[in-house]
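Coordinate analysis (summary)
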Amino acid sequence: MIEDQAIVVDSSHVPAAPAMARWDWNDIVQTLCRPFFGRRLDANETALHARSLTQVLATPFMFQYAGIRYADHIPINSEINSGAKFHSYMQYDQLGTADVIQDFGGELHNAETVAFETIGKIVSVGASFQYSVQDLRSAAFGQVPLDSLKAMIARTIIERKVDAMAAVGDARFAGTNLATGLANDPNLVATTKGTQLSGTTWATATANEMLIDIQNMYVKVTTQSKMVHVPDTLLLGTQGWGRITSMRLDNFNMLTVYAYLKQSLPWLKKIDFWPQLDTAGAGAKERVLLGEFNPMNMQAIVPQPFEMFPPQSRNLSFIVPCHKRFGGVSLRYPMALTFMDGTE
């Protein structure tokens, strides 16, 4: 028979179990990063790059240029066929006089007319844009509407050229109607700026001096046309526009020159600016136009508006031609307008 016996173990001879180290998150980070303590990281040694934290705005922004305003001010004539190379119009003058009849058997004065034809040249204004196969693929990857963006730019530069020709023409077409535009038509009559007599310009002129200048322009049109033409439009360059819209009449009247003109001159229906007038005057000075703007007096001849042709393949690229036809500005009654230079 076996009896239970207690077993006594001497703990001094048993090796102790190793103690478990206790780590927290800060200890782990410090241990891992210890090799970098005291070291400056380079720009590329970072967990997050700047590009990964950049969000691109959904709306693109284009560089801004002076506005194209010829179509806002000059009536457009598009009745000319786009295949025509020239355009013309007829003007008829009146001849003869009437008198009191003293002898019913005598001869009566004849009424006659004489015709004058004015011929204008029509030119093509064009530009193009181009893109390659890889350009389209890259644009699609970058979500950029490349073809429509270039088409818009092509149209803009064509319209900008027409805007300049409508204002001052193109000197390369000397001897034709395209050599000059509305602002420098050789048949326009100038109005002498009153402030020139005192040696000042609109930059230093008073509000009253500016009003006198505009009044003199009005009188010029009405007297030279014997009231056949009554001005209804005043066009200025950007500096003149800035002056009349900011210059107050006096310290007690809050009305600007612009507001006074609109309030006091009912015949003046439109006051506006045209950036092309900034350098349209003699010596590249600013030019102001005042006159009766209607389709009878003047028209911009546009036989063919802007058109864009199908892309033409050239190796791995495509070229898109763009085109417009322009016949200059037909100013039929020059006495309906007058101009004044040197307002800046």
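Residues numbered from 1 in each chain as written. Predicted model: local features only at pLDDT ≥ 70, side-chain atom pairs only at ≥ 80, totals over all residues. Heavy atoms only, no water.

1. Considering the nonpolar core
Grouped together as the largest cluster of nonpolar side chains are 38 residues, with contacts concentrated most on I74, L182, W274, L289, F326 and L337. If you tally residues by element for this core, the top one is helix 4 (residues 146-168), at 8 residues. The residues touching L182, leaving out its near neighbours within four places in the chain, are I74, A166, A167, L188, W274, L289, F293, M298, V329, L331 and L337. In terms of nonpolar packing, the next biggest core, distinct from the first, is built from 18 residues, M210, L234, V257 and L268 among them. (Core = buried A, V, L, I, M, F, W, Y, C linked by side-chain atoms within 4.5 Å. Buried < 20%, exposed > 50% of the residue type's maximum accessible area, 1.4 Å probe, protein only. Helix = DSSP H or I, 4+ residues; strand = E, 2+ residues; numbered from the N terminus. Contact = heavy atoms within 4.5 Å.)

2. As for the confidence of the model for the chain
Scored by pLDDT, the chain has a mean of 88; 85% of the residues are at 70 or more. Here residues 1-9 is a poorly scored stretch, pLDDT under 50, and it has 1 contact once near neighbours within four places are set aside; other chains count. (pLDDT = per-residue confidence, 0-100.)

3. As for the side chain of H323
The residue H323 is located in strand 12 (residues 317-326) in this model. Looking at H323, the relative accessible area reads 18%, which means it is buried. In this structure the side chain of H323 is engaged in a polar contact, spanning 2.8 Å, whose partner is the side chain of S124. Within the local environment of H323, its side chain forms a polar contact with the side chain of E307, the two groups lying 2.7 Å apart. With residues up to four places along the chain from it excluded, the contact list for H323 reads S124, V125, G126, I158, Q304, P305, F306, E307 and F309. (Polar contact = N/O pair within 3.5 Å; in protein donor to acceptor, adjacent residues only side chain to side chain.)

4. Things to note about the sheet that holds strand 14 (residues 337-341)
Strand order across the open sheet formed by 5 strands is 5-14-8-6-7, with mixed pairing between neighbours. Among the strands making up the open sheet, the edge pair consists of strand 5 (189-190) and strand 7 (270-273). Note that strand 8 (residues 287-291) and strand 14 share 5 bridges and pair antiparallel. When the sheet's bridge partners are listed, L290 is paired in strand 14 with T338. Contacting strand 5, strand 6 (233-236), strand 8 and strand 14, helix 5 (residues 207-224) runs over the sheet at an angle of about 150 degrees to strand 14. Of the strands in this sheet, strand 6 and strand 7 touch helix 6 (residues 238-246), which is tilted by about 130 degrees from strand 7. (Pairing = 2+ DSSP bridges. Axes fitted to C-alpha atoms, helices over the stretch in contact; angles between N-to-C directions.)

5. Concerning the sheet that holds strand 1 (residues 76-77)
The strand order across the open sheet built from 3 strands is 1-9-13, with neighbouring strands paired in mixed fashion. Here the strands that pair on one side only, and so sit at the sheet edges, are strand 1 and strand 13 (329-331). As defined by bridge partners, strand 9 (residues 298-301) adjoins strand 13 across 3 bridges and the pair is classed as antiparallel. Bridging from a neighbouring strand, A300 pairs with V329 of strand 13.

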